[in-house]
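So the chains spell out like this:
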Amino acid sequence: HISDGHAGKITSSFNDDVYKLRMDNLFDGAMTIVSLHRNIYPIRKLHVLMTGDNVQGENQFQGSKVGAVSMGARDQTIKIAYPAMVKLIGSLAQEFEKIEIECVSGNHGHDRLAPETSTEDLRLYDLLKVYFEGYKNIKINVYERFSAVVNINGFRSFVFHGDGVKSTGGVPFFALDKKLKSWYMQYGGFQYAFGGHFHKRHTDEISSKLEYFMCGSLVSDDDWAINKLGISSNPSQGLYGIHH
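Scoring rules and cut-offs
- Residues numbered from 1 in each chain as written.
- Predicted model: local features only at pLDDT ≥ 70, side-chain atom pairs only at ≥ 80, totals over all residues.
- Heavy atoms only, no water.
- Core = buried A, V, L, I, M, F, W, Y, C linked by side-chain atoms within 4.5 Å.
- Buried < 20%, exposed > 50% of the residue type's maximum accessible area, 1.4 Å probe, protein only.
- Helix = DSSP H or I, 4+ residues; strand = E, 2+ residues; numbered from the N terminus.
- Contact = heavy atoms within 4.5 Å.
- Disulfide = S-S within 2.5 Å.
- Pairing = 2+ DSSP bridges.
- Phe/Tyr/Trp six-rings, centres within 6.5 Å; stacked < 30°, edge-to-face > 60°.
- Lys NZ or Arg CZ within 6 Å of the ring centre and 35° of its normal.

Caption draft 1: Molecular detail of the nonpolar core. With 36 residues, the main nonpolar core has Tyr19, Ile99, Ile101 and Leu128 as its most contacted residues. When residues of this core are traced back to their parent elements, those giving at least two are helix H1 (16-38), strand E1 (45-50), helix H2 (73-93), strand E2 (98-103), helix H3 (120-131) and strand E3 (138-142). When residues no more than four places from it in sequence are discounted, the contact partners of Ile99 are Leu46, Val48, Ile89, Leu92, Ala93, Asn137, Ile138 and Lys139. The next biggest cluster of nonpolar side chains, apart from the first, holds 13 residues, and it includes Leu176, Phe190, Leu210 and Met214.

This is how it looks when you write it as structure tokens:
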């Protein structure tokens, strides 16, 4: 589960070089865990869930002010996020028989006055689709809506970013619980939900039939998370095993 990389963002402990290093660490950490499990049983297929905010963007109301970003949104995508994602996916493709990537957008890298499909996340996904078009073991699915219900090893899974969930007193979890129950009914049920946006690693059992996984961020010392939630979580992404 990859979310909220915010390439191009600058904090006291995060910049372009740190972003690239943490993307490399993401591969190394994932393969260490996978290798340990492969000592017990085979793991042949990988699902990559990309839930948006791959770049920081240019919106000053989202913290993208002078000194807080290294370059403009287009360059954040082309020069930072895209090469890092190509390297990551290309490396993973050598380790798994099949990779299926599910892609939805976040709220960064998008001008409010622009069409819904004019986002840096979708630009990145389109570039990745073109680059990996000739790879027989890689399939990339790009969704232009805010969410998608995807099949992971027979389990219906709801993939979304999370910016549509509003916080009360800096706490999004009550609103998130309510939204997920509504989406569960709207989309005919699903066993798992995967989101991001809040830059915090979190899991919740919404009901006996639905479990939710919130992805962290690659950013550390993030003023947004500190201001919104009162904390800044350790940089993290999610890795899960699903079996019958």
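Caption draft 2: Structural view of the state of the cysteines. The tally for this structure, following the rule as stated, stands at zero disulfides. Here Cys103 stays free of any disulfide, with the sulfur of Cys215 as its closest cysteine sulfur at 14 Å. With relative accessibility at 1%, the residue Cys103 sits in the buried group. With a relative accessible area of 1%, Cys215 lands in the buried category.

Caption draft 3: Broad picture of the pairing of strand E8 (residues 210-214). Of all five residues making up E8, four are buried, and the element is well covered by its neighbours. Relative to E8, strand E7 (residues 202-207) runs antiparallel, the two being bridged by five bridges. Paired with Glu205 across the two strands is Glu211, which belongs to E8. Taken together, E7 and the strand that follows it, E8, pair antiparallel across an intervening segment of two residues.

Caption draft 4: Representation of the packing of aromatic side chains within the structure. Scanning the model with the defined rule gives 16 aromatic pairs in all. Between Phe158 and Phe190 the ring centres are 4.8 Å apart and the planes differ by 10 degrees, which places this aromatic pair in the stacked class. Taken together, the residues Phe158 in strand E5 (residues 155-160) and Phe190 in the loop between helix H4 (173-186) and strand E6 (192-195) connect sequence positions 32 residues apart. Neither Phe158 nor Phe190 differs from the other in exposure class; each is buried. Pairwise contacts between aromatic rings join Phe146, Phe158, Phe160, Trp183, Tyr184, Tyr187, Phe190 and Tyr212 into one cluster. If you follow Arg38 out to its NZ or CZ, it ends over the ring of Phe96, 4.8 Å from the centre.

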